[in-house]
Amino acid sequence: NNLHVKCRNDTYPRSKVVRAKVPDDKVDWSVNFPEYAPVVYTSDSVKKKPEWADDDYTEPNFLAKWNEIDGNVDRRSFLGKYDLTTEGIPINPKGRTGIKGRGCLGRWGPNHAADPIVTRWKMEDDKPVFKNGKRVAQFISVQRKDNGQWALPGGMVDPGEEVTETVRREFGEEALDSMNLSGAEKEKMEAVIDEFFHNGTVIYKGYVDDPRNTDNAWMETVAMNFHDDKGTGVAKFSLNAGSDAVGVQWLDISKTLELYASHADFIRRTAQHLDAYWE
Ligand code: RP5
Ligand code: MG
Ligand code: MG
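Residues numbered from 1 in each chain as written. Chains lettered and ligands numbered in written order. Predicted model: local features only at pLDDT ≥ 70, side-chain atom pairs only at ≥ 80, totals over all residues. Heavy atoms only, no water.

Q: Can you break down the coordination of the magnesium ion (ligand 2) residue by residue, with the values?
A: Within the first shell, the magnesium ion (ligand 2) binds the protein through Glu 170 (OE) and Glu 174 (OE), at distances of 2.1 to 2.3 Å. Separating the magnesium ion (ligand 2) from the magnesium ion (ligand 3) is a gap of 3.4 Å, bridged by Glu 174, which donates to each. In this pair, Glu 170 and Glu 174 are both assigned in helix H2 (residues 163-175), four residues apart and thus about one turn of the helix distant. Grouping residues by exposure puts Glu 170 and Glu 174 together as buried. (Donors = N, O, S within 2.8 Å, 3.2 Å for Na, K, Ca; no water. Helix = DSSP H or I, 4+ residues; strand = E, 2+ residues; numbered from the N terminus. Buried < 20%, exposed > 50% of the residue type's maximum accessible area, 1.4 Å probe, protein only.)

Laid out in structure tokens, this is it:
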């Protein structure tokens, strides 16, 4: 359960690159695995040096402050201090993935994201719906453009950005299509979001089992729950998919959900936090 699974033994997302096989018992770096021959892969979009990506470590001027706040990029991991390879680049603290390089992730080491978990109680005829004696909760889920999977409307923390800002911005972009609202509409939406996103609960902070992870680059997130207990705030928003989302909907929380990366685990923790139905 403590293993990463979605970043092993599969074709790398948005590519034809096939990961070297890593059996469960060989994930941990401390286990001897002399035949291990990971494929080296960094996507063309990352190699083009967009502003969200680091340079290649082979560049003469490449300098990064590993395990520290490096300018406005946080290179610290929630898992503690990570080790470096002999070339001086970060080693995935959760073990082998079958790929060296960054894949399509911009940063060497941790790539920080934030995930808003926006919830309300499921209602029918103005009454809460119960299952096995527990109220059923719902959360806002988006369908990802890159792979069609349902997910939380999360995204990367921009350089210098606070996580509390990232959850609002990404929620606005992916679930409300804020980027396509007129000035006045956007202001109104931001006011409601600001009000509602005031009291969040951190549900999870740490490594994400993201299919984009590699031996040298991986996703970490802070997942925060914002619960509309009375169903009068965000519960009434009209949802519109935007940015890297192609669909958006309220989904009933249950054990049977299949979601992107580690998101089902964050939802399980949320159900526990809300004392909502989870079977
Ligand atoms: C996941 O990737 C995180 O939990 C977050 O939901 C997401 C961030 O990446 P993008 O949505 O920006 O691709 O690991
Ligand atoms: Mg986004
Ligand atoms: Mg996203």
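Next comes the rest of the account.
Q: Any chance you could break down the pattern of salt bridges for me, citing the residues and the numbers?
A: Counted under the stated rule, the structure contains 20 salt bridges. Residues Lys 122 and Asp 252 are paired through a salt bridge, measuring 2.5 Å at the closest nitrogen-oxygen approach. Of this pair, Lys 122 sits in the loop between strand E5 (109-121) and strand E6 (123-124) while Asp 252 sits in strand E15 (residues 245-252), and the two are 130 residues apart along the sequence. Residue classification places Asp 252 among the partly exposed residues on the basis of a relative accessible area of 27%. Through salt bridges with shared partners, one network takes in Asp 158, Glu 161, Arg 169, Glu 170 and Glu 173. (Salt bridge = Lys/Arg side-chain N within 4 Å of Asp/Glu carboxyl O.)

Q: Can you explain the packing of H2 against helix H3 (residues 183-196)? Please cite residues and give values.
A: Interhelical geometry of H2 versus H3 gives an angle of 135 degrees and a closest axis separation of 11 Å. Taken together, the axes of H2 and H3 are oblique relative to one another. Taken as a pair, H2 and H3 cross one another with a handedness that is right-handed. Of the residues in H3, those touching H2 at Arg 168, Phe 171 and Gly 172 are Met 189, Ile 193 and Asp 194. When grouped by side-chain class, the residues that make up the contact of H2 with H3 number three nonpolar, one polar and two charged. (Axes fitted to C-alpha atoms, helices over the stretch in contact; angles between N-to-C directions. Parallel < 35°, antiparallel > 145°, perpendicular 65-115°, else oblique. Left-handed = near helix turned anticlockwise from the far one by under 90°. Contact = heavy atoms within 4.5 Å. Nonpolar A, V, L, I, M, F, W, Y, C, P; charged D, E, K, R; others polar.)

Q: Please set out the coordination of the magnesium ion (ligand 3) residue by residue, giving values where relevant.
A: Protein ligation of the magnesium ion (ligand 3) involves Gly 154 (O) and Glu 174 (OE), the donor distances falling in the range 2.2 to 2.3 Å. By relative accessible area, Gly 154 is classed as buried at 10%.

Q: Help me get a handle on the site of ligand 1, residues and values and all.
A: Taken together, the residues surrounding ligand 1 are Ala 113, Asp 115, Arg 144, Gly 154, Gly 155, Met 156, Val 208, Asp 210, Arg 212, Met 219, Tyr 260 and His 263. Between ligand 1 and Asp 210 there is a distance of 2.6 Å, counted from an oxygen atom to a side-chain nitrogen or oxygen. Calculation on ligand 1 without its partners gives an accessible area of 370 Å², and the protein chains cover 95% of this total. Among the secondary structure elements, those contributing two or more residues to the shell around ligand 1 are E5 and strand E12 (155-156). Classifying every residue of the shell around ligand 1 gives five nonpolar, three polar and four charged. (Near = heavy atom within 4 Å. Polar contact = N/O pair within 3.5 Å; in protein donor to acceptor, adjacent residues only side chain to side chain. Areas by Shrake-Rupley, 256 points an atom, 1.4 Å probe, with all protein chains shown as cover.)

Q: Just give me the short version of the confidence of the model for the chain, but keep the residues and values in it.
A: The predicted model of the chain averages 94 in pLDDT, with 100% of residues at 70 or higher. Interface confidence for the predicted complex, expressed as ipTM, amounts to 0.98; the pTM equals 0.95. (pLDDT = per-residue confidence, 0-100.)

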